[in-house]
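As a plain string of letters, each chain reads:
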Amino acid sequence: IPDDEDIQRENNVRGLTMLGHFGFECLPHQLVNRAIQKGFSFNILCVGETGLGKSTLIDSLFNTNLKEKKSSHFNSNVELKIRTYELQESNVQLKLTVVKTVGYGDQMNKEGSYQPIVGYLDAQFESYFQEELKIQRSFVDYHDSRVHVCLYFISPTGHSLKSLDLLTLKSIDNKVNIIPLIAKADAISKNDLQKFKYKIMSELVNNDIQIYQFPTNDESTAQMNSSMNKHLPFAVVGCIDEVKVGKRMVRGRQYPWGVLQVDNENHCDFVKLRDMLLCTNTEDLKEQTHTQHYERYRCFKLQKIGFTDVGPDNQPVSFQEIYEAKRQEFYDQCQREEEELKKKFMQRVKEREIAFKEAEKELQDKFEHLKRIQHEETIKLEEEKRQLEEEMMNFYKMKAGSETLQTQGYTNIKKD
Ligand code: GDP
């Protein structure tokens, strides 16, 4: 019996292989293929005191050993350690940038602790903003370093947030998506943990600190996300070492009384965090970064330069009009400043000229005065010279008279 292919070959008809999808319902597949080809990127900021388990948690999340040196407690100020890794799971490539605080909470100066973090977040926005402003933009090979999520590590005190936690969270909550984590949660008992979680959430609300809420507007994830929102802050435990439990090897921390399994949802919230962060909401975190946080920064920057969408009459203003008005305003200001400078310069020249003239006149007067004195002195000296000469003449006369008298006296004596 001839099969379909034989009949097609005989009739010279081109056969189509069944793909399962036709028409524009294939569009999502194009996006998936393109995204896989391009690879993904994700930027995480880990903020927390030294030794709270930041490096260990990142290793646990990405199931890798990123070989970090242990941080010291003796840094004089807070620094940020930035590392970019190229990771691969099956055919998906991920460019992961991890930024970690070093020395956070080790200094007395609280402002110095959170300022470098705020500065870093702003610097990444600024760099993207500058790229956007360029005439020839190159977003194809641009490494977007804007931070998509901040994992904030809370010390497992079981008591409350520290003032540094509140200060830092307040200064960054409108710049980045914050997911609060109770670090080293194996240090708190189950009952205390619930109370601690409740305490932290109420402190965040009381201080008007916005943390990232898993979105509930997508039907497929709404239920799970809304239940996860109730588990915040996640109580996490990190570990990459494996221990034997029964016949299985599991990632966990071995204690004298048993094993805390990192990947067991009954033991800690690590799996919840990993699912929310890497499986369900990665794209939403990136979208929120662009549409909320970066947008706020961009808006602030443009307003600072003087741009606005509506004029004083509440009518829309075109970007070009504002730009031209600004350029004209700048040009006028330059002109005004140039005029002002010229005026000041002329004034200074005039003042110096007057001062020079006055000095010249003073010198001239002094010269005249000295000349007059010298003239008077000369006259006086000549008068004295004349008098002296007269006196000398008289003296010589008197001398000659006395000599004559002497000679006459001498002759008379001889005659006698
Ligand atoms: P970082 O300075 O915040 O990066 O902290 P590290 O990841 O270097 O961890 C500091 C120490 O804490 C290491 O000895 C880790 O083994 C340990 N550690 C990390 N995570 C946990 C955890 O969840 N629970 C406990 N008990 N110890 C942890």
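Remember, it's a predicted structure, so these values are computed and weren't measured experimentally.

Participant: Describe the site of the ligand, naming the residues involved and giving the relevant values.
Facilitator: The environment of the ligand is formed by 15 residues, the closest being Gly51, Lys54, Ser55, Thr56 and Asp186. Between an oxygen atom of the ligand and a main-chain N or O atom of Leu52, the distance comes to 3.3 Å. Within the side chain of Thr56, one N or O atom sits 2.5 Å away from an oxygen atom of the ligand. Against a free-state accessible area of 580 Å², the protein chains account for coverage of 79% of the ligand. When contributions to the shell around the ligand are tallied by element, the ones reaching two or more residues are α3 (54–61) and β8 (248–255). The biggest single contributor to the shell around the ligand is α3, with three residues. Residue composition of the shell around the ligand, by class: three nonpolar, six polar and six charged.

Participant: Before we move on, could you go through the packing of aromatic side chains and cite the residues and values that matter?
Facilitator: Under the defined criterion, the tally for this structure stands at 10 aromatic pairs. Look at Tyr128 and Tyr294: their rings are 5.0 Å apart centre to centre, the planes differ by 80°, and that puts the pair in the edge-to-face class. One end of the pair, Tyr128, is in helix α4 (residues 110–133); the other, Tyr294, is in helix α9 (residues 282–305), with 166 residues separating them in the sequence. Among the aromatic residues, those joined into a cluster by ring pairs are Phe125, Tyr128, Phe129, Tyr142, Tyr294 and Tyr297. For Arg146, the ring lying beneath its charged end belongs to Tyr128, and the centroid distance is 3.6 Å. Just above the ring of Tyr294 sits the side chain of Arg146; from NZ or CZ to the centre is 5.0 Å.

Participant: Please set out the sheet that holds strand β1 (residues 40–47) residue by residue, giving values where relevant.
Facilitator: With mixed pairing, six strands are arranged side by side in an open sheet as β2-β3-β1-β4-β5-β6. Of all strands in the sheet, those with a lone pairing partner are β2 (79–89) and β6 (234–235), marking the two edges. The pairing of β1 with strand β4 (residues 149–154) spans four bridges and is parallel. Bridging across to β4, Val47 finds its partner in Tyr152.

Participant: Can you explain the sheet that holds strand β7 (residues 242–245)? Please cite residues and give values.
Facilitator: Read from one edge to the other, the open sheet built from three strands follows the order β7-β8-β9, with strand pairing classed as antiparallel. Among the strands making up the open sheet, the edge pair consists of β7 and β9 (258–261). Ignoring which end each strand starts from, the neighbouring axes of this sheet average 70° apart. Strand direction decides the pairing type here: β7 and β8, joined by four bridges, are antiparallel. In the strand pairing of β8, Val243 is matched with Val250.

The rules behind these values
- Residues numbered from 1 in each chain as written.
- Predicted model: local features only at pLDDT ≥ 70, side-chain atom pairs only at ≥ 80, totals over all residues.
- Heavy atoms only, no water.
- Near = heavy atom within 4 Å.
- Polar contact = N/O pair within 3.5 Å; in protein donor to acceptor, adjacent residues only side chain to side chain.
- Areas by Shrake-Rupley, 256 points an atom, 1.4 Å probe, with all protein chains shown as cover.
- Helix = DSSP H or I, 4+ residues; strand = E, 2+ residues; numbered from the N terminus.
- Nonpolar A, V, L, I, M, F, W, Y, C, P; charged D, E, K, R; others polar.
- Phe/Tyr/Trp six-rings, centres within 6.5 Å; stacked < 30°, edge-to-face > 60°.
- Lys NZ or Arg CZ within 6 Å of the ring centre and 35° of its normal.
- Pairing = 2+ DSSP bridges.
- Axes fitted to C-alpha atoms, helices over the stretch in contact; angles between N-to-C directions.

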